[in-house]
Amino acid sequence: MPQHQPTLMEPVLSYNNSTNNGNGNSDYDIISWFEDVSQNAGFVQTQLLFQILKQNYGVEYLKKWLGSYNILEMDACALESLFSSVVPLASHADFEPFIQRIADGDTAPLLTQQPITTLSLSSGTTEGRQKFVPFTRHSAQTTLQIFTLAAAYRSRIYPIRQGGRILEFIYSSNRFKTKGGLTVGTATTHYYASEEFNIKQHKTKSFTCSPQEVISGGDYKQSTYCHLLLGLFFSDQVEFITSAFIYSMVQAFTTFEELWREICNDIRDGTLSSRIKSPKMRKAVLDIISPNPNLAAKLEDACKGLEVVDWFGLIPKLWPNAKYVYSIMTGSMQPYLKKLRHYANGLPLVSADYGSTESWIGVNVDPSLPPEDVTFAVVPTFSYFEFIPLHRNEKNFSSGGDDFIEDKPIPLSQIKVGQEYEVVLTTFTGLYRCRLGDVVEVAGFHNGTPKLNFVCRRKLILTINIDKNTEKDLQLVVERGSHILNMTSRGELVDFTSYADVSKQPGHYVIYWEIKGEVEDKILGACCNEMDKSFADHGYVVSRKTNSIGPLELCVLESGTFKKILDSFIANGAALSQFKTPRCTNNHVLLKILNTCTTKKFRSTAYNSSMEQ
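The structure displayed is predicted, hence computed values, not measured ones. (Residues numbered from 1 in each chain as written. Predicted model: local features only at pLDDT ≥ 70, side-chain atom pairs only at ≥ 80, totals over all residues. Heavy atoms only, no water.)

1. Side note on the confidence of the model for the protein chain
The condition is simple: A residue's pLDDT is the confidence the predictor assigns to it, expressed on a 0 to 100 scale. Numbering of helices and strands runs from the N terminus; a helix is a DSSP stretch of H or I covering at least four residues, while a strand is a stretch of E covering at least two. The contact rule is simple, with two residues in contact once any of their heavy atoms fall within 4.5 Å.
A residue-level look at the protein chain finds 89% of positions with pLDDT of 70 or above and a mean pLDDT of 84. By mean pLDDT, helix α1 (residues 10-13) is the weakest element of the protein chain at 38, and helix α15 (residues 314-318) is the strongest at 96. Predicted confidence for residues 1-7 stays below pLDDT 50, and this span has 12 contacts to residues more than four positions away or in other chains. For the stretch residues 9-25, pLDDT sits under 50, and the model shows 29 contacts to residues farther than four places along the chain or on other chains.

The following block contains the structure:
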């Protein structure tokens, strides 16, 4: 046992007492705390699990496996060993019956001893169905911790002025009550409404441009307009620009291309467009802005120049003092990096931290790295982490569709550099050995805690028989196809998704593209062929050659299709802050939108010669 035993949560929660007076003291406080807990990560994890299980001793979910043990009298190491040997790995489906009972008003200690009064909604973009996840004060506190810790690391490389502004494209969704009276909303909605969100602004001495009435307005189009308007009204004060996912930011700047004249008029006259219908939002914005003809004229000149260069460098041109752009840029967000780099023109893109609706996981301690190379140092106080070693299942092509062979889960202290793992969580909020479905690779260590590189979601998104393709495989294929688009035409890929169509035999992959600009049919046909032959999975190649999978189909969508998909999700309770375009879908509502909006179809001829042999 180490001589020095780091405390788990308390130092950072009491961090509220320190102030950032410009000399970096508070940054040092939180970074020194993290250096301490990361140095002793294995010990901290053992103690944390002990704390979680003691706190939730006797809950119904755990009774089946731990009910016959007096865990309160066990030491932490013995309890860790017992827990991993008798409590089984679980998926979200194992917790759903308990969470539903809580939502319906059952107040018995089912998952936690503390009452759960709030539930988070997952985005539902992956499976087309939103899941309930318990949300507690601990969830808000860890969010404050990771935001404060990440800000401290960023300020070492990109120091910002005290009292500056942040242009934050953040959105709350409406919250509602369950049958049992619990409050339900997205995790971001709960956080933006929490005391911790206000604490973060005061501690970092940087304030969002938009008031709460804009963030929680409930209509993302009205909120986006006001975010842009206020962001430009305070343009000289904006220190950095951020959103939860870069999708929201790209969406906002695409909207700005259409609405800039209207926004400039509002800045000139101190007015607010009639498109803002919400009385609370109107009042809040009009209380802030005032007529500024000089700023409006300056912005109009800049926008006229930007229009000529297709809005290249929009961000540094309109926000000259912005030091960087900050958002989640990994995983399913990577396809939007090209567009964001176009807007940023060399301004640093800093990837935000790694987490899920269930728990925060890791912090970006190297903010100068480009998003493609970013790693996340696991914060060992957030949850108890286990890792399932994964080995690529490349030889056995008829093994039932799984893409990995698994080993037994191991604790954080035993993981190795270069190995891929699936993340497993045990949380303070009542999830025990819950498989997250995320595949990560260990890139190195920060002291004694691993630095993870996010690889992909575990779930195979495209599979018909022995073929196995993940989201990352699809992204690489689309990149290859869209490279032809970029090289041979003025077209630009706006967004994409896919579908494994097995309605007729043989089944085949359908890839949907929304394109900006006019592109000749022969170029689109070449893009379709390039994608078909770019799937490297052996099961796919063999199946195409034997025609047990049919030719890939490229469907070209009308302009605005993915906005319709976004609107459909938001109509079902999702928030723009958490929206992720599903890279593959079986959702009938989405497929109806996609197929209705398809304007052209192309079928690959890439394998024609091999089929004739």
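2. A few points about the nonpolar core
Heads up, the rule is: What makes a nonpolar core is a set of buried Ala, Val, Leu, Ile, Met, Phe, Trp, Tyr and Cys residues whose side-chain atoms join them at distances within 4.5 Å. Categorising residues by exposure relies on relative accessible area from a 1.4 Å probe, with only protein chains included: less than 20% of the type maximum marks a residue as buried, more than 50% marks it as exposed, and the intermediate range marks it as partly exposed. Where each domain starts and ends follows an automatic or database-derived domain assignment.
In this structure, Phe34, Phe253, Phe256, Leu314, Ile315, Leu318 and Trp319 are the most contacted members of the largest nonpolar core, which totals 118 residues. Element by element, the count of residues in this core is highest for helix α12 (residues 246-269), at 12 residues. Mapped onto the domain boundaries, this core takes at least three residues apiece from domain 1 (158-346) and domain 2 (460-601). Apart from residues lying up to four places away in sequence, leucine 318 is in contact with Leu232, Ser235, Phe256, Leu299, Ala302, Cys303 and Leu306. Grouped together as the second largest cluster of nonpolar side chains are 33 residues, Leu48, Ile52, Val59 and Ile71 included.

3. Describing the pairing of strand β1 (residues 118-121)
The two faces of the sheet receive side chains in turn, since in a regular strand these alternate between them. Quick note on the threshold: Following DSSP output, two strands are said to pair if at least two bridges run between them.
Burial along β1 is two-sided: Thr118 and Ser120 and Leu119 and Leu121, pointing in opposite directions, are all buried. Note: β1 against strand β2 (residues 132-135), four bridges, orientation antiparallel. Following the sheet pairing, serine 120 is matched in β2 by valine 133. Bridge count for β1 against strand β5 (residues 183-186) is four bridges, and the pairing is parallel. When the bridges of β5 are listed, threonine 118 appears paired with threonine 183.

4. A few points about the sheet that holds strand β20 (residues 508-516)
We count it as follows: With axes taken as lines fitted to C-alpha atoms, and helix axes fitted only over the stretch in contact, angles between N-to-C directions fall between 0 and 180 degrees.
Here four strands make up an open sheet; going across it, the order is β19-β20-β21-β22 and the pairing mixed. Each of the sheet's edge strands pairs with one partner strand only, and the pair in question is β19 (492-501) and β22 (598-603). Taking the axes of each pair of neighbouring strands and ignoring which way they run, one obtains an average angle of 20 degrees across the sheet. By the bridge criterion, nine bridges tie β19 to β20 in an arrangement that is antiparallel. Each bridged residue has a counterpart across the sheet, and for phenylalanine 496 the counterpart in β20 is tryptophan 513.

5. Things to note about unusual backbone geometry
Positive phi is not limited to glycine here, since aspartate 310 has a value of about 55 degrees. Its relative accessible area of 34% is what places aspartate 310 among the partly exposed residues. Phi at asparagine 345 is positive, roughly 45 degrees, even though this residue is not glycine. Positionally, asparagine 345 belongs in the loop between α16 (337-344) and β9 (349-351). Among the residues examined, asparagine 345 registers a relative accessible area of 40% and is labelled partly exposed.

6. Considerations on the sheet that holds strand β3 (residues 164-169)
Spatial strand order, β6-β3-β7-β8-β9: five strands in an open sheet with parallel pairing. Of all the strands in the sheet, the pair left with one neighbour each is β6 (206-208) and β9. Put simply, the sheet's adjacent strands are angled 25 degrees from each other on average, direction ignored. Pairing geometry for β3 and strand β7 (residues 238-245), over five bridges, is parallel. For phenylalanine 169, the partnering residue across the bridge sits in β7 and is serine 243. Along the sheet face, α12 touches β3, β7 and β8 (324-328) and points at about 115 degrees away from the line of β7.

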